[in-house]
Amino acid sequence: MSLIEPSSLAPGQWHNIPLPLPGAPGGSEAIMHAFVRRSRKPGPTLFITAAMHGDELNGLEIIRRFMRSRKLSSLMGTVIVVPVVNVHGFGMGSRYLPDRRDLNRVFPGSAKGSLAARVAEVLMQEVVMKSDYGIDLHTAAIHRFNVPQIRANLDTDETAEGMANAFGVPLILNSELRDGSLRQAAGDNGIPVIVYEAGEALRLDEISIRAGKRGITNVMMHLGMLRGMPKVPADQAVADSSYWERAQDSGVFHVLVKPGTYIKKNQLLARIIGPSTMQATEVRATRAGIIVGFTQLAMVYEGDALFHIARYRGMHEDVANQVEQFHEELGPEYGT
Ligand SMILES: [Zn+2]
């Protein structure tokens, strides 16, 4: 039985559609709430999902602000938003489901599979398969921070490439996934999905939230679902590969570079102080690139992933300047 039938809903307002999920052992119900809004004017259907990982909160706030946007009065088509996909994980402040599975590795899911597979199946059948396009909102994992960035398959999916560019953040990571993610499963069904990664789990980050809300609006303008032209930075950088710079020693971690900056090969990025020797171990860049993610913890183990560094096409310092300008533009105003 299908629970979401946009054509049966009154246009011009949000409708809260509860999608039942397997409940908790104690008997409490679990419900995934989808909010649907359609217009009288015809147009495509876009889904927007958040908290696929139950501790990633920026997406929920992005969706809340988006739902209140006055621009929606000019909507053409239908939007389905799901502020919390991983309802079970969200209730525990956990990235994972109670069965310890990562929901974003079990798509397209199965009605007869694990708890995670059943949750994935509900989202797939009720939301994804009824849409033409999708945007999946994420943050970095706990104690890590991602500079606002879009991840999409640019090589074989022109529609996703157009959406990725229109979103309007300076950094785009090109990647084709075969990992059981929502993005992969939707793509396999001809539904292009881009992933927005920004900020850190269990925290709200204002720049990431503003950039996310603006990005959704931009993509909808690009798809002809809202009036207006997307606001896109003059220079966007596309990365084809990335790597993690890892700790070569355990100790207290001092960062010497800013996120979003361009770094040269062999540049000094950080120092790790070992308490037994009080000596500093230098962390230098193995390759040149832009820092797109980093650990937030000042205490690290040898082998810990410290900096996520992306290698960009035609890379130069202008891209990093663009990132800095972007942050200034969207940053909270202080004083005046
Ligand atoms: Zn995530």
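Residues numbered from 1 in each chain as written. Predicted model: local features only at pLDDT ≥ 70, side-chain atom pairs only at ≥ 80, totals over all residues. Heavy atoms only, no water.

This part takes up the UniProt feature "domain: Succinylglutamate desuccinylase/Aspartoacylase catalytic" (unreviewed entry) in the chain. Mapped onto the present numbering, the UniProt feature "domain: Succinylglutamate desuccinylase/Aspartoacylase catalytic" (unreviewed entry) falls at residues 42-223. The distance from the first to the last C-alpha atom of residues 42-223 is 12 Å, and the span holds 34% helix and 21% strand. (UniProt positions renumbered as here; feature names shortened; annotations may be inferred. Helix = DSSP H or I, 4+ residues; strand = E, 2+ residues; numbered from the N terminus.)

What follows is about the environment of methionine 67. Inspection of the secondary structure puts methionine 67 in helix H1 (residues 58-67). Excluding residues within four positions of it along the chain, methionine 67 makes contact with Trp14, Phe35, Leu72 and Val81. (Contact = heavy atoms within 4.5 Å.)

In this section: the pairing of strand E7 (residues 171-174). Taking every second residue as pointing to the same face, both faces of E7 are buried, with Leu171 and Leu173 on one and Ile172 and Asn174 on the other. Here strand E6 (residues 144-152) pairs with E7 via 3 bridges, running parallel. Bridge assignment links arginine 151 to a residue of E7, and that residue is leucine 173. Between the parallel pair E6 and E7, the chain is carried across by helix H4 (residues 158-167), and the sense of this crossover is right-handed. One ladder, built from 3 bridges, connects E7 with strand E9 (residues 237-246); its direction is parallel. When the bridges of E9 are listed, leucine 173 appears paired with alanine 239. (Buried < 20%, exposed > 50% of the residue type's maximum accessible area, 1.4 Å probe, protein only. Pairing = 2+ DSSP bridges. Right-handed = clockwise from strand over helix to strand, strands pointing away.)

Below, the discussion takes up the environment of aspartate 188. Here aspartate 188 shows up in helix H5 (residues 182-188). By relative accessible area, which is 48% here, aspartate 188 ends up partly exposed. Here the alpha-carbon distance between aspartate 188 and methionine 278, two residues 90 residues apart in the chain, equals 53 Å.

Moving on: the packing of aromatic side chains. For the structure shown, the criterion picks out 4 aromatic pairs. Here phenylalanine 145 and phenylalanine 294 contribute two aromatic rings whose centre-to-centre distance is 5.7 Å and whose plane-to-plane angle is 40°, an arrangement assigned as tilted. Of the two residues, phenylalanine 145 is situated in strand E6 and phenylalanine 294 in strand E14 (residues 289-295); the sequence distance between them amounts to 149 residues. Residue classification places phenylalanine 294 among the buried residues on the basis of a relative accessible area of 13%. Ring centres 4.9 Å apart and planes at 35° place the aromatic pair phenylalanine 167 and tyrosine 196 in the tilted group. Of this pair, phenylalanine 167 sits in helix H4 while tyrosine 196 sits in strand E8 (residues 193-200); the two residues are 29 residues apart in sequence, bridging distant segments of the chain. When sorted by exposure, phenylalanine 167 lands in the same class as tyrosine 196, which is buried. In this structure, arginine 144 packs its charged tip against the face of tryptophan 244, placed 4.7 Å from the ring centre. The ring of tyrosine 243 carries arginine 287 above its face, with NZ or CZ at 4.3 Å from the centroid. (Phe/Tyr/Trp six-rings, centres within 6.5 Å; stacked < 30°, edge-to-face > 60°. Lys NZ or Arg CZ within 6 Å of the ring centre and 35° of its normal.)

What follows covers the sheet that holds strand E12 (residues 268-274). The antiparallel open sheet is built from 4 strands, whose spatial order is E13-E12-E10-E15. Edge positions in the sheet fall to strand E13 (279-284) and strand E15 (299-300), since each of these pairs with one other strand and no more. As paired elements, strand E10 (residues 251-255) and E12 share 4 bridges and run antiparallel to each other. Paired with histidine 254 across the bridge in E12 is arginine 271.

What follows is about H1. Most of H1 sits inside the fold, with 7 of its 10 residues counted as buried. Every buried residue belonging to H1 is among Asn58, Gly59, Glu61, Ile62, Ile63, Phe66 and Met67, and all of these are buried. Check the buried side of H1 and you find it contacts strand E2 (30-38), strand E3 (45-49), strand E4 (78-82), strand E5 (133-140), E8 and helix H6 (206-222).

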